[in-house]
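Reading the structure
Here's the letter readout for the chains.
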Amino acid sequence: MRIEGLVFAGIASADPAGLARFFAEVFDVERVEDDGSTRFVFPNGSTIAVVPPDWVAPPSDTNLGFLVDDVDAATAELSTLGIEPDGELQQNDEHRYRHFRASDGVSSSCSTAGSSAA
């Protein structure tokens, strides 16, 4: 698995509206409101999402999304290390992705660019 970089950070907040206002003041980037979350889209396509606290399962309050060269190969490689997927393969307009939990329960995801199947 080759990791290209970090493309997503999801942050659960007890005050998601307040945190979103703060980020809007700090970041001069596109702001997208969607189903109770607020995403900030940076020029390189990476995003930060602010969500309510119940959107991220404890003990995690953050979800980090790593861009990899092949999400299916990454899933297989992580499985050999005893790290099983946390849910099904998903996709949106920008990425195919799968969530995982680290040994301490922190949520992460591996993503590949593009929404179509490889």
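Before reading on, note that the structure itself is shown above.
Residues numbered from 1 in each chain as written. Predicted model: local features only at pLDDT ≥ 70, side-chain atom pairs only at ≥ 80, totals over all residues. Heavy atoms only, no water.

Overview of the sheet that holds strand S2 (residues 30-34)
Within a sheet, each strand pairs with its neighbour through backbone hydrogen bonds, oriented either parallel or antiparallel. Just so we agree on the cut-off: A strand pair is defined by DSSP finding two or more bridges across the two strands. A run of DSSP states H or I qualifies as a helix once it reaches four residues; a run of E qualifies as a strand once it reaches two. Both are numbered from the N-terminal end. In what follows, residue pairs with any heavy atoms lying within 4.5 Å of each other are defined as contacts. Between the N-to-C directions of two axes lies an angle of 0 to 180 degrees, each axis being a line fitted to C-alpha atoms and, for a helix, fitted only over the stretch in contact.
As summarised here, the arrangement of the eight strands in space is S2-S3-S4-S1-S5-S8-S7-S6, forming an open sheet in which the pairing is mixed. Edge positions in the sheet fall to S2 and strand S6 (90-91), since each of these pairs with one other strand and no more. When strand S1 (residues 3-12) meets strand S5 (residues 62-68), the two strands line up antiparallel, connected through seven bridges. Counterpart to Ile 3 in the pairing with S5 is Val 68. Set on the sheet, helix H2 (residues 71-80) makes contact with S5, strand S7 (95-101) and strand S8 (107-113); between it and S7 the angle comes to about 15°.

Description of the pairing of S7
The side chains of a regular strand alternate between the sheet's two faces. As a reminder of what qualifies: Throughout this description, buried means an accessible area under 20% of the type-specific maximum (1.4 Å probe, protein chains only), exposed means over 50%, and partly exposed covers the range between.
Among the seven residues of S7, six are classified as buried, and the element is accordingly described as predominantly covered. Pairing between S6 and S7: two bridges, direction antiparallel. Across the sheet, Gln 91 pairs through a bridge with Arg 96, a residue of S7. Taken together, S6 and the strand that follows it, S7, pair antiparallel across an intervening segment of three residues. In this structure, S7 lies alongside S8, joined through seven bridges in antiparallel fashion. For Arg 98, the partnering residue across the bridge sits in S8 and is Cys 110. Counting the residues that bridge the hairpin from S7 to S8 gives five residues, and of these Gly 105 lies at a positive phi of roughly 95°.

Focus: the layout of surface pockets
Inclusion rule: Grid points spaced at 1 Å and placed over the protein atoms alone form the basis of the search, with a cavity being a set where a 1.4 Å probe fits but cannot get out and a pocket an open set showing protein on both sides within 12 Å along at least five of seven lines. Lining residues have an atom within 4 Å of a point. Grid points are joined across faces, edges and corners, and a volume is the space filled by probe spheres set on the points. The nonpolar class holds Ala, Val, Leu, Ile, Met, Phe, Trp, Tyr, Cys and Pro. Asp, Glu, Lys and Arg form the charged class, and all remaining residues, Gly among them, are polar.
Within this model, the largest pocket holds a volume of roughly 770 Å³. Around the largest pocket, the lining is made up of 27 residues, and of these Phe 8, Arg 39, Ala 49, Asn 92 and Tyr 97 lie nearest the centre. Secondary-structure elements contributing two or more residues to the lining of the largest pocket are S1, strand S3 (37-41), strand S4 (47-51), S5, S7 and S8. The dominant element in the lining of the largest pocket, judged by the number of residues it contributes, is S7, at four residues. Class assignment for the residues of the lining of the largest pocket results in eight nonpolar, twelve polar and seven charged. When its volume is computed, the second largest pocket comes out at roughly 170 Å³.

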